[in-house]
Amino acid sequence: MENWSLISLCVLLGLTARWAVSFHSYSGAGKPPMFGDYEAQRHWQEVTYNLPVHEWYFNTTNNDLNYWGLDYPPLTAYHSLVCAYVAKLLNPEWVELYASRGYESHSHKLFMRATVLFTDILIYIPAVLLYCFYFCDGSSKQKVATAFCILLYPGLILIDYGHFQYNSVSLGLALWGILGLGLGWDLFGSLAFTLALNYKQMELYHSLPFFCYLLGKCIKQGLTWRGFFHLVKISMTVLVTFALCWMPFLSDPKQPLQVLHRLFPVGRGLFEDKVANTWCSLNVLIKIKTLLSRETQLFALTLLFVLPSSLKLLSKPTLWQFKLALVNTSLAFFLFSFQVHEKSILLVALLVFFVFRSMLPLLLKDGLLLPYVVTSLAFLFLSLYLLSALERSTEEELRLGLYRKLTQRWLPKLNLSRIIKWKFWFSLAAMAALSFTSVWLKPPAKLPDLFPVLVSVLSFLHFLGFIIYFNQVQLMEPQRKKSQKKTN
Amino acid sequence: MSATSHLLKVVIQTVMAAPMTNDQSWFYALALGVSFLKCLLINAYHSTDFEVHRNWLALTHSLPVSQWYYEATSEWTLDYPPLFAWFEYGLSHIACFFDKEMLVVPNLNYASPATVLFQRLSVIVADVVFFYAVKECCKCLREDKGKDLLGKPSFILTVLLLWNFGLLIVDHIHFQYNGFLFGVLLLSIARHCQNRHFEGAFLFSVLLNLKHIYLYIAPAYGIYLLRCFCFTQSNADGSLQWRSFSVVRLVILGTIVLSTFAVSFGPFIALGQLPQVLSRLFPFKRGLCHAYWAPNIWALYNIADKAFSILGVKFRLLDINKLPKASMTGGLVQEFQHSVLPSVSPLATLVCTLLSILPALFKIWHRPNGARGFLRCLVICALGSFMFGWHVHEKAIMMAILPLSLLAVDSRKDAGIFLMLSVTSHYSLFPLLFTTQELPIKIFLMLLFTIFSLASLKTLFRKGGALLNPLEVTYLLGLIPLELICEFVYPLTVWQKTFPFLPLMLTSVYCALGVTYAFIRLYISLLTCSDTTKKTKMQ
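Rules used in this analysis
- Residues numbered from 1 in each chain as written.
- Chains lettered and ligands numbered in written order.
- Predicted model: local features only at pLDDT ≥ 70, side-chain atom pairs only at ≥ 80, totals over all residues.
- Heavy atoms only, no water.
- Helix = DSSP H or I, 4+ residues; strand = E, 2+ residues; numbered from the N terminus.
- Contact = heavy atoms within 4.5 Å.
- Areas by Shrake-Rupley, 256 points an atom, 1.4 Å probe, with all protein chains shown as cover.
- Salt bridge = Lys/Arg side-chain N within 4 Å of Asp/Glu carboxyl O.
- Buried < 20%, exposed > 50% of the residue type's maximum accessible area, 1.4 Å probe, protein only.
- Core = buried A, V, L, I, M, F, W, Y, C linked by side-chain atoms within 4.5 Å.
- Disulfide = S-S within 2.5 Å.
- Axes fitted to C-alpha atoms, helices over the stretch in contact; angles between N-to-C directions.
- Parallel < 35°, antiparallel > 145°, perpendicular 65-115°, else oblique.
- Nonpolar A, V, L, I, M, F, W, Y, C, P; charged D, E, K, R; others polar.
- Phe/Tyr/Trp six-rings, centres within 6.5 Å; stacked < 30°, edge-to-face > 60°.
- Left-handed = near helix turned anticlockwise from the far one by under 90°.
- Polar contact = N/O pair within 3.5 Å; in protein donor to acceptor, adjacent residues only side chain to side chain.
- Expected span 1.5 Å × (residues − 1).
- Lys, Arg positive; Asp, Glu negative; His and termini not counted.
- Arc of directions from axis to C-beta.
- Patch = residues over 30% accessible without salt bridge, like charges linked within 9 Å, V, L, I, M, F, W, Y side chains within 5 Å.
- pLDDT = per-residue confidence, 0-100.

**Considerations on the overall build of chain B**
Okay, step 1: Within chain B, the regular secondary structure consists of 24 helices and zero strands.
Okay, step 2: Within chain B, residue pairs in contact and separated by at least 24 positions form 76% of the contacts whose partners lie at least 6 positions apart.
Okay, step 3: A total of about 23200 Å² of accessible surface is found on chain B, and carbon and sulfur atoms cover 69% of it.

Structure, rendered in structure tokens:
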């Protein structure tokens, strides 16, 4: 079959899976008084539609910031505004000030789901396809298979179409940024990434590699003339994009400061639920409240590892290094680990799986057990099947040379790749068992949080392992010129 | 806990080991993939058929056999043959572990989450029969080795059957057990292809006792078995050799079929309930057409009648007061009163159906042409009854599409017919899902299936030009504006209130043209195929 038909089949399957997941519940469905992320997004539409711009981020009589106050950058607010206009057209009740709070109906759910699907089709899916076709090596069938796996990645589908968020917008824009950089269109790349940054502040995690890569590239061209000019062009692009996005807030110095305060709240409690819990002291770094707060915690951890990889990238701004640095600086960007490490997909599949597994408590709360089980099994199966992970995982390809040297001294006859394979199955089984127990078994009375904590601990150990591993791969890179040539 | 984790590990390893080691791993991947998709659809819209089957679960579980065909608390009385009732009876014993309330007869329209889960899962699990049947059918294909996987006939056939758009939306959204039933049908076809005729005949008689709609294709079975199995030999030119008749085979076949029917209907005959059972199975109270006209001859007949009456009124040939009222609001009423053309009686439809399949039956009696001839005749029987039958439901077209898939991967002529028929009739299934929530999914799935069948059959028959001629392509492309008008533009216009039935009418008439065309082409190919097969036999 021709490529175009294979691609359209992949995209259609991805869309089908997305829409099928959206039949299920969303966060905070029928749970007054606060509801969940779904209500937050709807509330933002209500606020942006009915209030003037200068009231959006302020606590006023019409805007109660304690009830899902806007705490995302301006681009999200504009997106909400656009959605609100459509909503008004369809049914004015959906965005009526005050009266629409906690509004829930079947047709409204359809409308909200459709907005997610629309942005996904517009931004994320084309980016993924282009990415796979320009930056993945292998035959065209392998490229299609990779695109297929990314499109069916359950974490994103469940959070966007189950829980309800617009992650595909910010991730898609960031991906467009990477595409731009990869194709050598640095200005376009920085424009797209700045937009991503202005959509969701979470993208800051990825900003360091972008910054280091572009700066390193300029330095390489010579800071005196060409490089400097390039640097100026890039910084102008970024500044102008920022200025355009923040334009309505620039009239009064109070405005941007308030927005910043909303975006990075200093006093935001990470442990709203379990402040007095004994466990809390133990898992300062591990505990997951929501996906967002987990990433906040990871930030501290990542920072420790950011430094070496950023310095490396600065001195050696190649695309391969850039992608590795992305993974290293932010594990939230797990998607790109696919391409960075196509050969060692085994480890990557596991990584992806664990990021995803750690969302289990959240998804359980939303009543999304069924799509969770189905999509994760489907993804695991398909990624292993299509990319034949287990067959490819030889020591060489997994880049375990360093560990080999280390272990050889103590245990000369150890077969590392076999250990990795076994470890893969073991981790998988342990995670499956944990999922099972946390769904069906009641925790002992003394330790009510036993299962979520076990899930977190196990996930955390894996994250740590991956951070070390990917750093090792990046820092050891110079010896492996072959793969570098391939990706460049 | 270690025990559970060990168990899970074993399960995962066996599931995963299969694709890694087995050459046929793609089959499991396709089957698992479609099962995952079906699981995601558990929460989707389900039609009244869901309540129908819940009611049957309840009444078979809580009532004695003698009451099954008399029970009438719900309007959805048991109108499938006894074996299907027994199937529901078996299911009900698992259902009680999910939710006992669904097994109470007076609990009308009961649909708790556990009930939905159980009923949906029962359809998904019963599809295992279908998977097995498809696998057996693939074995009957001649395999081109060394070809790319995506170009293999068996791969294409598997996708065409397992991922069939109609089955997915009718079974897993609309709710029915067609996958399981078609599994039995395909398995019986596969057995005939493998020359295991006794098994095939047994499976088909079981199928008839599961759902009697398959009676429509029984003539093909009867003639084929009599001609190709009971007569053991043919003359050199393929004509009948009267002396080769084997009485033993006929007796064994008869015993198999009759004993199946005896097991199924025996208890009811013993209870003296046969007339009651039959009256439930064959209700003739319904009208010629369903509320939404299935895309067959009668849809064209109705529209012609309507056109004549409008023209007649316009040119003052007819008096508007003398016309029956219903014809002017048509489409919504079940009893369609023809105003100009003569009304059609059930007997007339029966005669038309018989007349439409007779040439095909005669053809396979005269020149049987092996299993392929049988299959083609079977498809024609299914299509003929769809075209001319009384109160045909649009879902009945599946009976023609699924067996036709087997032919489509085998010859390029049939592939063209298959494309025409499947695309048109799948589109005609769209009105089954009228909820906005399911609108995207039906479009995505339809595109998925259509693009796959077009692209894969094109690759399979790469040599020898296009599969569809320009006219056919234009007709199929016409479905896109039709869909846009019916689902997106028309609801916004002012006519939506005055003529709400118009999009449905348009859909069924447009699709009826395509289905009729495919029917005629299939007939031509059956009647003219003898020469080509002779050549292949010579080779």
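On we go.
**So, the overall build of chain A**
Okay, step 1: Looking only at helices and strands, chain A features 24 helices and zero strands.
Okay, step 2: Within chain A, residue pairs in contact and separated by at least 24 positions form 74% of the contacts whose partners lie at least 6 positions apart.
Okay, step 3: Within the structure as shown, chain A displays about 20400 Å² of accessible surface, and the carbon and sulfur contribution to it stands at 70%.

**What about the pattern of salt bridges?**
A side chain with one charge may pair with a side chain of the opposite charge, provided their charged atoms come close.
Okay, step 1: With the rule as written, the count across this model stands at 16 salt bridges over all chains.
Okay, step 2: One salt bridge connects Arg42(A) with Glu39(A), and the closest N-O pair in it is separated by 3.0 Å. In this pair, Arg42(A) and Glu39(A) both sit in helix α2 (residues 37-50), three residues apart, roughly one turn of the helix.
Okay, step 3: The exposure class assigned to Arg42(A) is buried, which follows from its relative accessible area of 0%.
Okay, step 4: By relative accessible area, which is 1% here, Glu39(A) ends up buried.
Okay, step 5: Among the salt bridges present, the one from Arg376(B) reaches Asp414(B), with a minimum N-O distance of 2.5 Å. One end of the pair, Arg376(B), is in helix α16 (residues 370-388); the other, Asp414(B), is in helix α18 (residues 412-428), with 38 residues separating them in the sequence. Of the two residues, Arg376(B) and Asp414(B), neither departs from the other in class, the shared state being buried.
Okay, step 6: Three or more residues are tied together by salt bridges with common partners; here these are Glu136(B), Lys139(B), Arg191(B), Arg196(B) and Glu199(B).

**Some details on unusual backbone geometry**
Okay, step 1: A positive phi angle, close to 95°, is found at Phe164(A), a residue other than glycine.
Okay, step 2: With respect to the helices and strands, the residue Phe164(A) is situated in helix α6 (residues 154-164).
Okay, step 3: Non-glycine residue Asn195(B) carries a positive phi angle of around 60°.
Okay, step 4: Structurally, Asn195(B) is set in the loop between α8 (178-193) and α9 (197-210).

**Quick notes on the nonpolar core**
A general trend in soluble globular proteins is that nonpolar side chains are found buried together.
Okay, step 1: Ranked by internal contacts, the top residues of the largest apolar core, which has 251 residues, are Tyr214(B) and Leu457(B).
Okay, step 2: Counting residues per element, this core draws most heavily on helix α4 (residues 106-135) of chain A, at 14 residues.
Okay, step 3: Once you skip the residues sitting within four places of it in the chain, Leu457(B) turns out to touch Ile156(B), Ala408(B), Val409(B), Ala415(B), Phe418(B), Leu419(B), Phe452(B) and Leu467(B).

**Thoughts on the state of the cysteines**
Residues and elements named next belong to chain B.
Okay, step 1: A full pass over the atoms with the stated rule returns zero disulfides over all chains.
Okay, step 2: Take Cys-140: it sits in no disulfide, and the sulfur closest to it among the cysteines is that of Cys-193, at 4.3 Å.
Okay, step 3: With no disulfide of its own, Cys-381 lies 4.3 Å from the sulfur of Cys-377, the closest cysteine sulfur.

**Points about the environment of Gln24(B)**
Residues and elements named next belong to chain B.
Okay, step 1: Structurally, Gln-24 is set in the loop between α1 (2-21) and α2 (25-40).
Okay, step 2: Since its relative accessible area comes to 30%, Gln-24 is described here as partly exposed.
Okay, step 3: On a C-alpha basis, the gap between Gln-24 and His-338 in space is 55 Å, while along the polypeptide they are 314 residues apart.

**Thoughts on the environment of Gly272(B)**
Okay, step 1: Summarising the element assignment, Gly272(B) is placed in the loop between α11 (247-270) and α12 (274-281).
Okay, step 2: For the pair formed by Gly272(B) and Ser66(B), sequence separation is 206 residues and the distance between their alpha carbons is 9.6 Å.

**Observations regarding the packing of α6(A) against helix α7 (residues 167-183) of chain A**
Residue and element names in this part refer to chain A.
Okay, step 1: In the contact formed by α6 and α7, the axes pass within 9 Å of each other and the chain directions differ by 135°. Classified by the angle between their axes, α6 and α7 sit oblique to one another. Packed against α6, whose contacting residues are Leu-156, Ile-159 and Asp-160, the element α7 presents Asn-167, Ser-168 and Leu-171 at the interface.
Okay, step 2: The residue inventory of the contact of α6 with α7, partitioned by class, reads three nonpolar, two polar and one charged.

**Side note on the environment of Pro275(B)**
Okay, step 1: Within the element layout of this structure, Pro275(B) appears in helix α12.
Okay, step 2: C-alpha of Pro275(B) to C-alpha of Asn296(B): the two residues are 21 residues apart in sequence and 31 Å apart in space.

**With respect to the packing of aromatic side chains**
A ring pair, where both rings are aromatic, is described by two values, the distance of the centres and the angle of the planes.
Residues and elements named next belong to chain A.
Okay, step 1: Counted according to the given criterion, the structure contains 46 aromatic pairs over all chains.
Okay, step 2: Aromatic pair Tyr-49 and Tyr-85: ring centres 5.0 Å apart, planes at 75°, arrangement edge-to-face. With Tyr-49 in helix α2 and Tyr-85 in helix α3 (residues 74-90), this pair connects stretches of sequence that are 36 residues apart.
Okay, step 3: In this structure Tyr-49 comes out as partly exposed when scored by relative accessible area, which is 24%.
Okay, step 4: Ring geometry for Trp-94 against Phe-111: centres 5.2 Å apart, planes inclined by 25°, an arrangement best described as stacked. Linking Trp-94 in the loop between α3 and α4 with Phe-111 in helix α4, this pair joins segments that are 17 residues apart in sequence.

**Details of the packing of α9(B) against helix α10 (residues 218-230) of chain B**
All names here are of chain B.
Okay, step 1: Where α9 contacts α10, the two axes come as close as 12 Å, and the packing angle between them is 160°. Classified by the interaxial angle, the pair formed by α9 and α10 is roughly antiparallel. Seen along the crossing, α9 lies across α10 with a hand that is left-handed. Between α9 and α10, the contacting residues are His-197, Phe-198, Ala-201 and Phe-204 on the first element and Ala-218, Tyr-221, Tyr-224, Leu-225 and Phe-229 on the second.

**Focus: the side chain of Ser100(A)**
Residues and elements named next belong to chain A.
Okay, step 1: Looking at where Ser-100 falls in the secondary structure, it is placed in the loop between α3 and α4.
Okay, step 2: For Ser-100, a relative accessible area of 0% translates into the label buried.
Okay, step 3: Within the structure, Ser-100 has its side chain in polar contact with the side chain of Arg-42 (distance 2.9 Å).
Okay, step 4: One polar contact links the side chain of Ser-100 to the main-chain carbonyl oxygen of Glu-96, over a distance of 2.5 Å.

**Brief notes about helix α3 (residues 48-62) of chain B**
Owing to its 3.6 residues per turn, the α-helix brings residues three or four apart onto one side.
All names here are of chain B.
Okay, step 1: Over its 15 residues, α3 extends 21 Å from the first C-alpha to the last, a length consistent with the 21 Å expected when each residue adds 1.5 Å.
Okay, step 2: Among all positions in α3, only Asp-49, Phe-50, Glu-51, Val-52, His-53, Arg-54, Asn-55, Trp-56, Leu-57, Ala-58, Leu-59 and Thr-60 are buried.
Okay, step 3: Turning to α3, the residues buried within the fold contact α4 (82-98), α5 (113-140) and α7 (165-175).

**Observations concerning the side chain of Asp171(B)**
Residues and elements named next belong to chain B.
Okay, step 1: By the secondary structure assignment, Asp-171 is in helix α7.
Okay, step 2: Among buried Asp, Glu, Lys and Arg side chains, Asp-171 stands out as unpaired, with Lys-38 the closest opposite charge at 7.0 Å.
Okay, step 3: Those residues in contact with Asp-171 that sit more than four places away from it in its chain are Arg-120, Val-123, Asp-127, Gly-166, Gln-176, Tyr-177, Asn-178 and Gly-179.

**Here we look at helix α10 (residues 226-246) of chain A**
Residue and element names in this part refer to chain A.
Okay, step 1: With 21 residues, α10 extends 30 Å from end C-alpha to end C-alpha; this agrees with the ideal 30 Å at 1.5 Å per step.
Okay, step 2: Those residues of α10 that fall on the buried side of the exposure criterion are Gly-227, His-230, Ile-234, Thr-237, Thr-241, Cys-245 and Trp-246. Down the axis, α10 shows its buried residues gathered within 150° of arc, on one side only. For α10, the exposed residues lying more than 90 degrees away from the buried face are Phe-229, Leu-239 and Leu-244.

**Overview of a nonpolar patch on the surface**
All names here are of chain A.
Okay, step 1: Side chains of Ile-219, Leu-223, Phe-228, Val-232, Met-236, Leu-239, Val-240, Leu-244 and Met-247 sit close together on the surface and give an oily, nonpolar patch of about 840 Å² of accessible area.
Okay, step 2: Top contributing element to the nonpolar patch by residue count: α10, with six residues.
Okay, step 3: Tracing the backbone through its elements, the reader meets Leu-223 in the loop between α9 (204-221) and α10.

**With respect to the confidence of the model for chain B**
Residues and elements named next belong to chain B.
Okay, step 1: Per-residue confidence for chain B gives a mean pLDDT of 85; residues scoring 70 or more make up 88%.
Okay, step 2: The low-confidence segment residues 1-22 (pLDDT under 50) makes 25 contacts with residues lying over four places distant or belonging to another chain.
Okay, step 3: Across residues 531-539, where pLDDT falls below 50, the model places one contact with residues more than four positions away in sequence or in other chains.
Okay, step 4: Of the two predicted TM-score estimates for the complex, the pTM is 0.83 and the ipTM is 0.87.

**Notes on the confidence of the model for chain A**
Residue and element names in this part refer to chain A.
Okay, step 1: Per-residue confidence for chain A averages 71 on the pLDDT scale, and 57% of its residues sit at or above 70.
Okay, step 2: Here helix α12 (residues 278-282) is the element of chain A with the lowest mean pLDDT, 34, and α3 is the one with the highest, 93.
Okay, step 3: Counting interchain partners and residues more than four positions distant, the pLDDT-below-50 stretch residues 330-351 has 80 contacts.
Okay, step 4: The low-confidence segment residues 478-488, where pLDDT is below 50, has 16 contacts with residues more than four positions distant or belonging to other chains.

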